[in-house]
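Fold and geometry: a report
Below, each chain spelled out in residue letters.
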Amino acid sequence: AVARAFRENSMQERYLHGKASWIRKLHSIIDHTRFDQLVAFIIVLNSAFLAADRHNIPREELLMINVVNSVCVWFFTIESALRIIGNGWEVYWYDVYNRIDLAIVSATLVEEFYFYGSGVHEEAVKWLVALRLIRIFRLCRIMRLMRGLRVLVNVFLQTINEVWAITLVMLLILFMF
């Protein structure tokens, strides 16, 4: 983990070396804790509005939810673009959480353009409703912002292999006796 952070920092320094002052300033803004807190707040706010969506919802409430969702989608799109410009593509893509984030934002943009841009009713193409499931993963974006949670998830994922091997041995012993 330390070697990975060191490599990411050296990639970052190489990218920023000789760049225009506005790119360095942009990097300092997107790398600031307050910016991450703002993004986390928007994620939670967006998730709360999406959770308010239900069956037989009044038209005014649905309109409000859709407007807030659209504003948040565009905020997340601009945030991703700013991170790519401020960090450089190589550094941005090096972080797995940024890849997940970009996939979520891209899928949400497809949904936004298709459902709201084309005017096609959702029921007409039910298979695209599956794109709405991507909304659930927006909360996962918080992992990229909360470094402590990120460390816990990484440790958990690394230990799964060991737990899996122990489980297989226990099942084998159980099967034999």
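Here, the structure is the one placed above.
This one's a predicted model, so the numbers in the text were calculated from it and none came from an experiment.

Some thoughts on the packing of helix α2 (residues 21–30) against helix α4 (residues 59–87)
Two numbers describe how α2 lies on α4: the axes approach to 8 Å, and their chain directions differ by 125 degrees. When the interaxial angle is binned, α2 and α4 end up oblique. You can see that α2 and α4 cross each other, and the crossing is left-handed. Between α2 and α4, the contacting residues are W22, I23, L26, H27 and I30 on the first element and L82, R83, I85, G86 and N87 on the second. Among the residues making up the contact of α2 with α4, the classes are represented as 6 nonpolar, 3 polar and 1 charged.

What about the side chain of E112?
Within the secondary structure layout, E112 lies in helix α6 (residues 96–117). Judged by relative accessible area, E112 falls into the buried class, the value being 8%. One polar contact links E112 to S70, side chain to side chain, over a distance of 2.5 Å.

A word on unusual backbone geometry
At N56, a residue that is not glycine, the phi angle is positive and equals roughly 55 degrees. Here N56 is to be found in the loop between α3 (33–51) and α4. Classification of N56 by relative accessible area gives exposed; the value is 66%.

A short note on empty space enclosed by the protein
The final tally for this structure, using the stated rule, is 2 cavities of 30 Å³ or more. Approximately 40 Å³ is the volume attributed to the largest cavity. Around the largest cavity, the lining residues are V73, F76, T77, I104, V105, T108, R138 and R141. Mapped by element, the contributors of at least two residues to the lining of the largest cavity are α4 and α6. Residues belonging to the lining of the largest cavity are distributed by class as follows: 4 nonpolar, 2 polar and 2 charged. Computed from the structure, the second largest cavity encloses a volume of approximately 30 Å³. Taken together, Y97, I100, D101, I104, C140, R141 and R144 make up the lining of the second largest cavity. No other element matches α6, which puts 4 residues into the lining of the second largest cavity. Among the residues making up the lining of the second largest cavity, the classes are represented as 4 nonpolar, no polar and 3 charged.

Conventions and cut-offs
- Residues numbered from 1 in each chain as written.
- Predicted model: local features only at pLDDT ≥ 70, side-chain atom pairs only at ≥ 80, totals over all residues.
- Heavy atoms only, no water.
- Axes fitted to C-alpha atoms, helices over the stretch in contact; angles between N-to-C directions.
- Helix = DSSP H or I, 4+ residues; strand = E, 2+ residues; numbered from the N terminus.
- Parallel < 35°, antiparallel > 145°, perpendicular 65-115°, else oblique.
- Left-handed = near helix turned anticlockwise from the far one by under 90°.
- Contact = heavy atoms within 4.5 Å.
- Nonpolar A, V, L, I, M, F, W, Y, C, P; charged D, E, K, R; others polar.
- Buried < 20%, exposed > 50% of the residue type's maximum accessible area, 1.4 Å probe, protein only.
- Polar contact = N/O pair within 3.5 Å; in protein donor to acceptor, adjacent residues only side chain to side chain.
- 1 Å grid on protein atoms, 1.4 Å probe; cavity = no way out; pocket = protein on both sides within 12 Å on 5 of 7 lines; lining within 4 Å.
- Points joined across faces, edges and corners; volume = space filled by probe spheres on them.

So far we have only geometry, and geometry alone does not tell us how the molecule works.
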